[in-house]
Amino acid sequence: MRMNILFNKTPISVNFVGTDHKLIPSLINALRYNKFTTMNLAQPLEHVDLFSSEAILYAKDGNKARIPIF
């Protein structure tokens, strides 16, 4: 399943892997408060793979990062 969200006024595609849309508020919260990870990505986010306990962020230049979801 896939859904688009807005983060920093930019649409981001979220792919659900073994989870559902109920983790979207936790994902947005993690993106908002995990500044170290999001600032280290040189390019803006392109899409996210959302798992039940973590998210893998993909930037437009091919870099990726992991953040925990609580």
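Source: prediction; values computed, not measured.

Calculation rules
Residues numbered from 1 in each chain as written. Predicted model: local features only at pLDDT ≥ 70, side-chain atom pairs only at ≥ 80, totals over all residues. Heavy atoms only, no water. Helix = DSSP H or I, 4+ residues; strand = E, 2+ residues; numbered from the N terminus. Buried < 20%, exposed > 50% of the residue type's maximum accessible area, 1.4 Å probe, protein only. Lys, Arg positive; Asp, Glu negative; His and termini not counted. Salt bridge = Lys/Arg side-chain N within 4 Å of Asp/Glu carboxyl O. Polar contact = N/O pair within 3.5 Å; in protein donor to acceptor, adjacent residues only side chain to side chain. Contact = heavy atoms within 4.5 Å.

Peer 1: What's the story with unusual backbone geometry in this structure? I'm lost.
Peer 2: The phi torsion of most residues other than glycine is negative, and most of the peptide bonds are trans. Of note, the phi angle at Asn-8 is positive, near 55°, even though the residue is not glycine. With respect to the element layout, Asn-8 can be found in the loop between strand S1 (2-7) and strand S2 (10-16). The phi angle at Lys-9 is positive, at roughly 65°, despite the residue not being glycine. Examined against the element boundaries, Lys-9 turns out to sit in the loop between S1 and S2.

Peer 1: Would you take a moment to explain the side chain of Asp-49 for this structure?
Peer 2: Turning to its location among the elements, Asp-49 is positioned in strand S3 (residues 45-50). This buried residue, Asp-49, is left without a salt bridge; Arg-2 holds the nearest opposite charge, at 6.5 Å. Polar contacts involving the side chain of Asp-49 include one to the side chain of Tyr-58, which spans 3.1 Å. Ignoring sequence-local partners within four residues, the contact set of Asp-49 consists of Asn-15, Val-17, Glu-54, Ala-55, Ile-56 and Tyr-58.

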